[in-house]
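Below, each chain spelled out in residue letters.
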Amino acid sequence: MPLSKLNKEQLQAATAPLGHNLVIASAGTGKTSTIVGRIAYLLEEGIKPEEILLLTFTNKAAAEMKERVARVIPSAKNIEAGTFHSVSYRWLKKLNKNITLKTPKDLKILFKSIYDKRDFSRLGIEEKPYSANYLFDLYSLYLNSNAPSFEEWLLQKAPSHEPYALIYEDIFDEYENIKKEHNLVDFNSLLIEMTNHLKNGIENPYREVLVDEYQDTNPLQNELIESVKQEGLFCVGDYDQSIYAFNGADISIISTFDKRYENAKVFTLKKNYRSYGEILDIANRVIKNNPRIYPKTLEVTRGYSGEYPKVLMYNDTFEEYRDIASRILTSTTKREEIAILFRNNSSADAIEAMLREKGIECKRKGGMSFFDSREIKITLDLLTFLINPKDIMAFIHIFEYAKGVGSAIAGEIFEALMTLGDGDAIKGFLNPDTSKKVFTKKRTSYQLGLFDDFVTLGSVSKFVNLGFDEEFLANPILRHPKLSIEGAEFLHNFYQFLKRIKRFKNPQAIFNELINSKIFDHIISNIAKERAKDKNGKIDEERYHEAKEKIKNKVKILGNLLKNYSDLERFLNAMVLGASEMSEGSGVNLLTVHASKGLEFEEVYIVDMMEGRFPNIKLSKPAGGIEEERRLFYVAVTRAKDRLFFALAKNDRIKNITYEPSRFLKEAGYKV
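Quantities reported herein were computed from a predicted structural model and do not represent experimental measurements.

Novice: How would you sum up the pairing of strand 16 (residues 640-652)? Please name residues and give values.
Specialist: Burial analysis of strand 16 places ten of its 13 residues in the buried class, the great majority of the element. Inspection of the sheet shows strand 11 (residues 310-316) paired to strand 16 by six bridges, in the parallel sense. Bridge pairing links Met-313 to Leu-648 in strand 16. The pairing of strand 15 (residues 601-606) with strand 16 spans five bridges and is classified as parallel. Following the sheet pairing, Ile-606 is matched in strand 16 by Phe-646.

Novice: Pulling in residues and values, what's your account of the environment of Thr-297?
Specialist: With respect to the helices, strands and loops of the structure, Thr-297 is situated in the loop between helix 13 (277-287) and strand 10 (299-300). Since its relative accessible area comes to 47%, Thr-297 is described here as partly exposed. In the structure, Thr-297 is positioned 14 residues away from Ala-283 in sequence and 9.8 Å away in space, judged by C-alpha atoms. Once residues within four sequence positions are removed from consideration, Thr-297 is found in contact with Lys-270 and Asn-284.

Novice: Give me unusual backbone geometry: which residues, what numbers.
Specialist: One can expect most non-glycine residues to show negative phi and most peptide bonds to be in trans. Between Phe-614 and Pro-615 the backbone carries a cis peptide bond, its omega angle lying at 15°. With respect to the helices, strands and loops of the structure, Pro-615 is situated in the loop between strand 15 and helix 27 (617-620). A positive phi angle is found at Glu-213, which is not glycine, with a value near 50°. Here Glu-213 shows up in the loop between strand 6 (208-211) and helix 10 (219-228). In this structure, Asp-608 is a non-glycine residue whose phi angle is positive, near 55°. Tracing the backbone through its elements, the reader meets Asp-608 in the loop between strand 15 and helix 27.

Novice: Residues and numbers for the confidence of the model for the protein chain, please.
Specialist: Chain-level statistics for the protein chain give a pLDDT mean of 86 and a share of 92% at 70 or above. No element of the protein chain has a lower mean pLDDT than helix 27, at 71, and none a higher one than strand 15, at 97.

Novice: Account for the sheet that holds strand 1 (residues 20-25), with residues named and values stated.
Specialist: Taken together, the six strands give an open sheet; going across it, the order is 3-2-6-7-1-8, and neighbouring strands pair in parallel fashion. Since the sheet does not close on itself, it has two edges, and those belong to strand 3 (80-83) and strand 8 (265-269), each with one partner. Strand-to-strand twist in this sheet, taken as the mean axis angle between neighbours without regard to direction, amounts to 15°.

Novice: Break down the nonpolar core for me, citing the residues and quoting the values.
Specialist: By size, the foremost hydrophobic cluster in this structure holds 94 residues, and its most contacted members are Phe-399, Phe-429 and Phe-494. Excluding anything up to four places from it in sequence, Phe-429 contacts Phe-395, Phe-399, Leu-417, Phe-472, Asn-475, Ile-477, Leu-491, Phe-494, Tyr-495 and Leu-498. Ranked by size, the runner-up nonpolar core spans 36 residues in total, among them Leu-298, Val-635, Ala-649 and Tyr-670.

Novice: Please set out the packing of aromatic side chains residue by residue, giving values where relevant.
Specialist: Across all of its chains, the model carries 37 aromatic pairs by this definition. Ring geometry for Phe-136 and Tyr-175: centres 6.1 Å apart, planes at 80°, overall edge-to-face. In this pair, Phe-136 sits in helix 6 (residues 132-145) while Tyr-175 sits in helix 8 (residues 165-181), placing the two residues 39 residues apart along the sequence. Assessed through its relative accessible area of 3%, Tyr-175 is described here as buried. A ring pair is formed by Tyr-139 and Phe-172, whose centres lie 4.2 Å apart and whose planes are at 20°; its orientation type is stacked. Placement of the pair is Tyr-139 in helix 6 and Phe-172 in helix 8, with a sequence separation of 33 residues. Neither Tyr-139 nor Phe-172 differs from the other in exposure class; each is buried. Over the aromatic face of Tyr-239 sits the side chain of Lys-296, whose NZ or CZ is 5.3 Å from the ring centroid. One cation-aromatic arrangement involves Arg-302 over Tyr-276; the distance from NZ or CZ to the ring centre is 4.0 Å.

Novice: So what's going on with the side chain of His-594? Residues and values would help.
Specialist: Within the secondary structure layout, His-594 lies in helix 26 (residues 593-596). The contacts of His-594, once residues within four sequence positions are left out, are Ile-243, Tyr-244, Phe-246, Arg-343 and Leu-632.

Novice: Any details on the pairing of strand 1? Residues and values, ideally.
Specialist: Burial runs high along strand 1: six of the six residues are buried. Every second residue of strand 1 is oriented toward a common face, with His-20, Leu-22 and Ile-24 on one face and Asn-21, Val-23 and Ala-25 on the other, all of them buried. The sheet contact formed by strand 1 and strand 7 (residues 232-237) spans five bridges and is parallel. Bridged to His-20 within strand 7 is Leu-233.

Novice: Go over the pattern of salt bridges, please, and point to the residues and values.
Specialist: If you walk through the whole model with that rule in mind, you get 45 salt bridges. Where Glu-231 meets Arg-207, a salt bridge forms, and the shortest distance between an N and an O atom there is 2.7 Å. Highlighted residues: Glu-231 in the loop between helix 10 and strand 7 and Arg-207 in the loop between helix 9 (187-199) and strand 6, separated in sequence by 24 residues. The exposure class of Arg-207 is partly exposed, given its relative accessible area of 25%. Close ionic contact of Lys-296 with Asp-240 constitutes a salt bridge, the shortest N to O distance being 2.8 Å.

Novice: Give a detailed account of the packing of helix 16 (residues 374-387) against helix 23 (residues 518-531), specifying residues and quantitative values.
Specialist: Relative orientation and spacing of two packed helices are given, respectively, by the angle between their axes and the distance between those axes. At a minimum axis distance of 11 Å, the contact between helix 16 and helix 23 shows a crossing angle of 160°. On the basis of their axis angle, the class for helix 16 and helix 23 is roughly antiparallel. At the point where helix 16 passes helix 23, the crossing takes the right-handed sense. Judged by residue contacts, Arg-374, Glu-375, Ile-378, Thr-379 and Leu-382 of helix 16 engage Phe-520, Ile-523, Ile-527, Glu-530 and Arg-531 from helix 23.

Novice: Describe helix 13, naming the residues involved and giving the relevant values.
Specialist: Counting buried positions over the eleven residues of helix 13 gives nine, a clear majority of the element. Of the residues making up helix 13, those classed as buried are Gly-277, Glu-278, Ile-279, Leu-280, Ile-282, Ala-283, Asn-284, Val-286 and Ile-287. Check the buried side of helix 13 and you find it contacts strand 9 (271-272), strand 10, helix 28 (625-637), strand 16 and helix 29 (663-667).

How each quantity is defined
Each residue is numbered by its place in its chain's sequence as written, counting from 1. Restriction of local features to residues with pLDDT of at least 70 applies here, the model being predicted, together with a cutoff of 80 or more for giving and counting side-chain atom pairs; totals for whole chains, interfaces and linings are based on all residues. Hydrogens and water molecules were not included; the side-chain quantities draw on all heavy atoms of the structure. The buried label goes to any residue with under 20% of its type's maximum accessible area, the exposed label to any with over 50%, and the partly exposed label to all in between, with areas taken from a 1.4 Å probe on protein chains only. Note on conventions: DSSP H or I runs of at least 4 residues are helices, E runs of at least 2 residues are strands, and numbering of each starts at the N terminus. The pairing criterion is simple: DSSP has to find at least two bridges between the two strands. Residue contacts are counted whenever heavy atoms from the two residues lie within 4.5 Å of one another. A residue's pLDDT is the confidence the predictor assigns to it, expressed on a 0 to 100 scale. Helix axes use the C-alpha atoms of the stretch in contact, all axes being lines fitted to C-alpha atoms, and the angles between their N-to-C directions lie in the range 0 to 180 degrees. We define the nonpolar core as a collection of buried residues of types Ala, Val, Leu, Ile, Met, Phe, Trp, Tyr and Cys that are connected through side-chain atoms lying within 4.5 Å of one another. Pairing of aromatic rings covers Phe, Tyr and Trp, the last through its six-membered ring, and needs centres within 6.5 Å; plane angles under 30 degrees mean stacked, over 60 mean edge-to-face, and all others mean tilted. Whether a charge lies above a ring is judged from NZ of Lys or CZ of Arg, which has to be within 6 Å of the ring centre and within 35 degrees of the ring normal. When a carboxyl oxygen of Asp or Glu lies within 4 Å of a side-chain nitrogen of Lys or Arg, that pair is called a salt bridge. Small angles under 35 degrees read as roughly parallel and large ones over 145 as roughly antiparallel, with 65 to 115 read as roughly perpendicular and the rest as oblique. Helix crossings are classified by the rotation of the near helix relative to the far one: an anticlockwise turn of less than a right angle makes the crossing left-handed, while a clockwise turn makes it right-handed.

Written as structure tokens, this is what we have:
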């Protein structure tokens, strides 16, 4: 039974009465076992699985915890568990809310399509306008500021942009209207909408809410917790591992728990089952320099190995990285049990190159994700459009690959298809209502940078001899005044693909038809050509064919993931909600300290232990300052089970910088 395997401290926490319970679970002290034990205890006490909500920071963690309890108590599989976002998404769907989840990157594309309709140059203003990307980020900052008006806020930030204030505001208004019209939500919108429903009194079945990694919650997540919890709240976290201030995490949420909740109980897990004593000594020595919010010290259970963590000092960073690669080459530790941790992403490229040079396999987390690659994103966009022909962003992404069709034109063609198809863009392609007018005179405003390009519609005569289907030639979308021949050919290929795909229902059959289609070949050929260009812009044929083959193989990985799903929509939602948790590759682990959280390895190298690199004062100032950097160091050290190495260099020859050893090494007792 899960409870029988707990130590005295864990058992005391897991069997606490319903109420407000906080468990301070230091690194390696068995927090997952305690949460699993708590769920088992609640079920044994007669609380139904449907009355338990488990909120975690990864869907993988939620699945593992459910599975561990379900081995003993099968009904545990009915617990609602997952990330804040995935739980909110499923709950909103159960409430029959018609929403389409989009990432910030996706929404930035939509924003750019609206921005591109404005012709700033015709206004003759000397000051250059902000780019679409910068303006998108600026808008997010404004929304978080709670300022009364954008114009006033902009005047304080950048008075030279006052002439553009009205145009910027008009772009924001159109952006919000389109989001509302197409039911688009981002991750934060999910939590806001779910919290509002809870505050308005929707049925709430949960008697206890369990929260993992409580120290990493931000105010929005905390508001959701407050709105959903009823009798019981069981939070597990460690204030010494709060390292996400840059992402909005607020350490005061965990630190004020016993003050915010009357009769709150605070339990502390101190016994570390992960690391040898020498490693824990360093972690304890350094972290004690931070304020102690709740009293605790890590206790050794594995004993001492007799090998104190070594400091490796080098003349320059290249020498540092090359020697680490040499040490790993001769190490008897399994490659998968070795990790190289870095504070700054800039260190990773050189380290990876040194490992590859010696033929050492490695996988990197913190660089480009599998799901961020262009070929995977466009495949998901094509599948998304098939199940949701109202998805404007999927359409715009797809038509980025049509020569001469920018995001603004793609947006206008999409709106035309929606009109022709009575709110269904696929119907607008295949069965358009040609009695409806599209590309009519637009809203114009010199002051807002809007000028009408639809005064004269284009002619379809230039497309007649291109071999297009007759039905397609009659489609009014071909009359867009700026549509090129290449753009029309892309539209026609897409039209033919949509015609063929209609007869398929099975997700795997749809996927196979997609990757064998003319439109898909056109898209991946474009991507391969970009990757095969030499410095002069010429395409290397051999590299082109290699790149295309690699793209096809990468897309096949997505096809293998799809085999686990009988429903295409469920698959796509899983990809959006869980993409950041999926990784590929094998070998030595290259990780940012942030990405290493929750993991453990037999052998760990923490690189660039120099002032300015770790701690990185520049990065830490806007977030949690030196205390946050110290918590990062604590997290890095406590990833190591058996062996730990600190590496540092006196110089960086590329940047021409001389370094002093990190203060954390001095705090740990090293004479460097």
